[in-house]
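Each chain, written out:
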Amino acid sequence: FVSGQLLECVRVPRQPVVGDWHSDPSQSAHPCDICGGPEQEHRLKVLFQVLDVNGDGGICVNDLTIGLKKLGVHRTEHELMKIVKAGDKDLDGQLDFEEFVHYLRDHEKKLRLVFKSLDKKNDGRIDSQEIMQSLRDLGVNISEEQAEKILKSMDKNGTMTIDWNEWRDYHLLHPADNIPEIILYWKHSTILDVGESLLVPDEFTAEEKKTGMWWRHLVAGGGAGAVSRTCTAPLDRLKVLMQVHSSKSNSMHMTGGFVQMIREGGVRSLWRGNGINVIKIAPESAIKFMAYEQIKRLIGSNQETLGITERLVAGSLAGASAQSSIYPMEVLKTRLALGRTGQYSGIVDCAKRIFQKEGVAAFYKGYVPNMLGIIPYAGIDLAVYETLKNYWLQCFATDSANPGVFVLLACGTTSSTCGQLASYPLALVRTRMQAQATLEGGPQMNMTALFRHIIRTEGPTGLYRGLAPNFMKVIPSVSISYVVYEYLKIALGVQSK
């Protein structure tokens, strides 16, 4: 819920709200008419005309500043820019009537979700105890006196409770692109691990950062990823073998691949390379999260949450930073997975041999396609996930922003699968470049030459070798990581609403 807005009310005195406006002294508009009621269209047109100060048929930031001041509503320029940005579909820098109406209706829907989450007694009113309890759920303790100040700032009829109309009127023209209620329930890159760490990091609410819940989420996500990757390691090793060794002349099927691995090194060999794959979770997650927060500041965003484009830019740069830091571990994972029984005594021995034989540069083979793969993977995953999330919130969210386990897993699995599919050719080329030195007598090619070689010798399907085991591990990976995450979250004391 909009905890930041509620806490702000403790400090800010009651301001006149949109529901208080009137077109002339003899006629006032009930707040309910703004977004509902029989005279809805007329009231919206009157409000639009009041805010459209220069009468050009569009409301810009300057119009909002002057128009809202006339109505006694005071918002910062940053807040007004967020309102225009949120509703401006044709990107012309202002809201026409249709965009204005769409913004108000969409915003009202989000506010209703917040109101219902606060209304613990389900009686259509919010009292001071409910505000105290809701803030306590997020780890924020306030006194009853502070809760009453919050109520007074929004309570127009002196009942010391807030009904839906009072709540909506106060917040209607207060921007909330991605309210914390939704952030709390729709995390997916922290919770769902599919073996690749190229997703844009999840947003955390200001209260989660303040109360330390963010690091508990990350630790729970890391632990869930470790268990998930270990359970699906045989499929992951098979994928690497098929990416490197499978071709038109040497067709490798899944059953044959498993038989070959067991015959060569026993059942234990199915988990070869999994150790380093698990170890790299912790540094990668930590670096990515810290880089993401720093990049948010560098791009000049002082918002609690970012828009999709900003998230993609910040997330991709953070992912590139993390991948650059731990990339040698990626190379070690590939070499260990491709290694024969007894070839390496462990991770350190593998690293030592690569360094002695090939030098430092070997630890960054395949780096370029790996970096290029971040953008399609993270971008498509984010776009698909946000589209599915917004569709669900628009069509099915009535009492809460909580989608439930099935919807969350379905959205996360679908978006991750789409992201993997788009970036898979780059991932395959990366793996082949990492493995080139292990293929005796094989050519040492750069990224472009390798792409051409694969297309020429195997056709476009050659860029998707190993796709079957890769997709087979998505559903078990997601399911296992979610279950383990929930258990670890409870063990770490992460407070759920």
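Presented here is a report on the structure given in the accompanying data block. (Residues numbered from 1 in each chain as written. Predicted model: local features only at pLDDT ≥ 70, side-chain atom pairs only at ≥ 80, totals over all residues. Heavy atoms only, no water.)

Let's talk about the overall build of the protein
The secondary structure content of the protein amounts to 23 helices and 2 strands. Taken over 497 residues, the protein has a buried fraction of 54%. Put simply, of all contacts in the protein between residues at least 6 apart along the chain, 71% involve residues at least 24 apart. Only carbon and sulfur atoms are counted for the fraction: they give 59% of the accessible area of the protein, which is about 21900 Å². (Helix = DSSP H or I, 4+ residues; strand = E, 2+ residues; numbered from the N terminus. Buried < 20%, exposed > 50% of the residue type's maximum accessible area, 1.4 Å probe, protein only. Contact = heavy atoms within 4.5 Å. Areas by Shrake-Rupley, 256 points an atom, 1.4 Å probe, with all protein chains shown as cover.)

Comments concerning unusual backbone geometry
Excluding glycine, residues mostly have negative phi values, and the peptide bonds linking residues are mostly trans. At L91, a residue that is not glycine, the phi angle is positive and equals roughly 55°. Mapping L91 onto the fold places it in the loop between α5 (77-87) and α6 (97-118).

Looking at the environment of L118
Following the sequence through the fold, L118 ends up in helix α6. Along the sequence, L118 and I131 sit 13 residues apart, while their C-alpha atoms lie 6.7 Å from each other.

Digging into the packing of helix α20 (residues 404-435) against helix α23 (residues 474-491)
The contact between α20 and α23 brings their axes to 10 Å, and the two run at 135°. Here α23 runs oblique to α20, going by the angle between their axes. Considering the relative orientation of α20 and α23, their crossing is right-handed. In this structure, α20 contributes V405, L408, L409, T413, T417 and Q420 to the contact, and α23 contributes V474, I475, V478 and Y482. Here the contact of α20 with α23 is built from residues that sort into 7 nonpolar, 3 polar and no charged. (Axes fitted to C-alpha atoms, helices over the stretch in contact; angles between N-to-C directions. Parallel < 35°, antiparallel > 145°, perpendicular 65-115°, else oblique. Left-handed = near helix turned anticlockwise from the far one by under 90°. Nonpolar A, V, L, I, M, F, W, Y, C, P; charged D, E, K, R; others polar.)

Re the packing of aromatic side chains
Going through the model one piece at a time under the given rule, you end up with 6 aromatic pairs. Judged by centre distance (5.9 Å) and plane angle (25°), the ring pair of Y327 and Y364 falls under stacked. Of this pair, Y327 sits in helix α17 (residues 308-338) while Y364 sits in the loop between α18 (347-358) and α19 (367-395), and the two are 37 residues apart along the sequence. On the basis of relative accessible area, Y327 is assigned to the buried category, the value being 0%. Overall, Y364 belongs to the partly exposed group, its relative accessible area being 36%. (Phe/Tyr/Trp six-rings, centres within 6.5 Å; stacked < 30°, edge-to-face > 60°.)

Here's the deal with a nonpolar patch on the surface
On the surface, I262, V267 and W271 cluster together to form a nonpolar patch covering roughly 260 Å² of accessible area. Among the structural elements, V267 can be located in the loop between α14 (254-265) and α15 (274-279). (Patch = residues over 30% accessible without salt bridge, like charges linked within 9 Å, V, L, I, M, F, W, Y side chains within 5 Å. Salt bridge = Lys/Arg side-chain N within 4 Å of Asp/Glu carboxyl O.)

Quick look at the pattern of salt bridges
Counted under the stated rule, the structure contains 12 salt bridges. Close ionic contact of K280 with E330 constitutes a salt bridge, the shortest N to O distance being 3.1 Å. Taken together, the residues K280 in the loop between α15 and α16 (281-298) and E330 in helix α17 connect sequence positions 50 residues apart. The pair formed by K280 and E330 is uniform in burial state, with each residue classed as buried. Among the salt bridges present, the one from E358 reaches K365, with a minimum N-O distance of 3.5 Å. It is possible to trace a salt-bridge network through shared partners that takes in D236, K239, K333 and K473.

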